[in-house]
Amino acid sequence: KLPRNATPVDFAYAVHTDIGNHTVAAKLDHSFAPLNTPLYSGQTVEIVTSPSSRPNAAWLNYVVTAKARSNIRNYLKNMQADEAMSQGRRLLDRCLKPLGMRLDDVKQQDIEDALKEYGFEDVSQLLEDVGMGNRPPSLVVRRLVPERISDGGSEEVREMSSQSALAISGTEGMVV
């Protein structure tokens, strides 16, 4: 049972969250139809899924059930956090490269001291903060490896962003 003006996306989430999260297309009465098409009583609905697909932020404009809306928002929020952590790691590694280091090379004690200073419980929170653009990676690098940064080195880290390109892959609604 679905509310009035429910769409195939609402139907997919009503069946199972994983089906909703992997929805690609819908067939209504054996014919393909847009995912924003309202459903009517007695229609045959077939959901086409793909393991590589994921919810689209545009779905929030036409889903009517709370379950679908909640699951879409939750999925997008988690995806943004994962994307931000990945981006934060890339940015920190990029800033550490002129020093001949990677984030994995930083001493655990230096990382723990930085986390305590910034008020984070673990590295993933710091990476997400950097990836979201809330904290400049060059300042984090200076805090993580102060002994490795001389006057020349800090200038090199400061100018890193203007000297080289950083490849960004993203989609609508994702952290870029």
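See above for the structure.
Residues numbered from 1 in each chain as written. Predicted model: local features only at pLDDT ≥ 70, side-chain atom pairs only at ≥ 80, totals over all residues. Heavy atoms only, no water.

Trainee: Looking at this structure, I do not really get the environment of Asn-61. What am I missing?
Mentor: Secondary-structure assignment places Asn-61 in the loop between strand 3 (45-49) and helix 3 (66-96). Looking at Asn-61, the relative accessible area reads 69%, which means it is exposed. Sequence separation of Asn-61 and Asn-36 is 25 residues, and the distance between their C-alpha atoms is 8.9 Å. (Helix = DSSP H or I, 4+ residues; strand = E, 2+ residues; numbered from the N terminus. Buried < 20%, exposed > 50% of the residue type's maximum accessible area, 1.4 Å probe, protein only.)

Trainee: Looking at this structure, how should I read the pairing of strand 1 (residues 23-28)?
Mentor: It is a general feature of regular strands that their side chains alternate between the two faces of the sheet. As judged from the five bridges shared by strand 1 and strand 3, these two strands associate in the antiparallel manner. Looking across to strand 3, one finds that Leu-28 is bridged to Val-45. Pairing of strand 1 with strand 2 (residues 31-33), which is carried by three bridges, proceeds in the antiparallel orientation. The residue bridging Lys-27 from the neighbouring strand is Phe-32, located in strand 2. Between the end of strand 1 and the start of strand 2, which pair antiparallel, lie two residues, with Asp-29 showing a positive phi angle near 50 degrees. (Pairing = 2+ DSSP bridges.)

Trainee: Can you walk me through the sheet that holds strand 1 in this structure?
Mentor: Two modes of strand pairing occur in sheets, parallel and antiparallel, and in both the strands are linked by backbone hydrogen bonds. Sheet architecture is open: three strands sit in the order 2-1-3, paired in antiparallel fashion. Of all strands in the sheet, those with a lone pairing partner are strand 2 and strand 3, marking the two edges. When strand polarity is set aside, the average angle formed by the axes of neighbouring strands in this sheet is 40 degrees. Those strands touched by helix 1 (residues 8-15) are strand 1 and strand 3, and its axis lies near 80 degrees from that of strand 3. (Axes fitted to C-alpha atoms, helices over the stretch in contact; angles between N-to-C directions. Contact = heavy atoms within 4.5 Å.)

Trainee: Can you walk me through the environment of Ser-41 in this structure?
Mentor: Its location among the elements puts Ser-41 in the loop between strand 2 and strand 3. Residue class for Ser-41 comes out exposed when judged on its relative accessible area of 80%. The sequence separation of Ser-41 and Arg-4 amounts to 37 residues, and the corresponding C-alpha distance is 9.3 Å.

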